[in-house]
Amino acid sequence: HGREITSFEIVLGNVERMQIGWINESMYVENLSNDHRSGVGEEENSLALDCCRGGLLNQGEFTNLEGLSIGAGSIIRCEQKGTLPEY
């Protein structure tokens, strides 16, 4: 039996330097760099919400989200609904 996950949500507790990321798994492993300091959002085919800096990190490029405020109790929801992300 298999079940496709099309959305999820998390509720943040007290965290520091939180990054929540998504990868295109089929492309990520084969293109993973040897730089062990890189993480999701910094690698090709990956995207991360960088709560510490207040923005999105897409394949190493940061975009500030003006007014983004994330703290304990914040809810982060991802709804892909079965579609593939565009990179």
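A quick note: this is a predicted structure, and the numbers were derived from the prediction, not measured.

Turning to unusual backbone geometry, a few remarks are in order. Phi is mostly negative for residues that are not glycine, and the peptide bonds are mostly trans. The phi dihedral of Gln 59 is positive, around 50 degrees, even though this residue is not glycine. You can see Gln 59 is positioned in the loop between strand E4 (55-58) and strand E5 (61-64). Assessed through its relative accessible area of 34%, Gln 59 is described here as partly exposed.

Locating Ser 74 in the fold gives a position in the loop between E5 and strand E6 (75-79). One polar contact links the side chain of Ser 74 to the main-chain carbonyl oxygen of Gly 71, over a distance of 2.9 Å. Beyond its immediate sequence surroundings of up to four residues, Ser 74 is in contact with Ile 10, Val 11, Leu 12 and Ser 69.

The strand order across the open sheet formed by four strands is E2-E3-E4-E5, and the pairing between neighbours is antiparallel. Of all the strands in the sheet, the pair left with one neighbour each is strand E2 (19-23) and E5. Within the sheet, the average angular offset between the axes of one strand and its neighbour, ignoring direction, is 20 degrees. Relative to E4, strand E3 (residues 46-50) runs antiparallel, the two being bridged by four bridges. Of the residues in E4, the one forming a bridge with Leu 47 is Asn 58.

Conventions adopted
- Along each chain, residue indices are assigned from 1 in the same order as the chain's sequence is written.
- Where local features are concerned, this predicted model is filtered to residues with pLDDT of at least 70; where side-chain atom pairs are given and counted, the filter is 80 or more; whole-chain, interface and lining totals use all residues.
- Side-chain numbers here rest on the full set of heavy atoms in the structure, without hydrogens or water.
- Only DSSP runs of H or I reaching four residues or more are called helices, and only runs of E reaching two or more are called strands; each is numbered from the N terminus.
- Any residue under 20% of the maximum accessible area for its type is buried, any over 50% is exposed, and the rest in between are partly exposed; the area is computed with a 1.4 Å probe on protein chains only.
- Two N or O atoms form a polar contact when they lie within 3.5 Å of each other; inside protein one atom must be a possible hydrogen donor and the other a possible acceptor, and for residues adjacent in sequence the pair counts only when both atoms belong to side chains.
- Residue contacts are counted whenever heavy atoms from the two residues lie within 4.5 Å of one another.
- The pairing criterion is simple: DSSP has to find at least two bridges between the two strands.
- Axis definition: a line fitted to C-alpha atoms, over the contacting stretch in the case of helices. Angles run 0 to 180 degrees between N-to-C directions.

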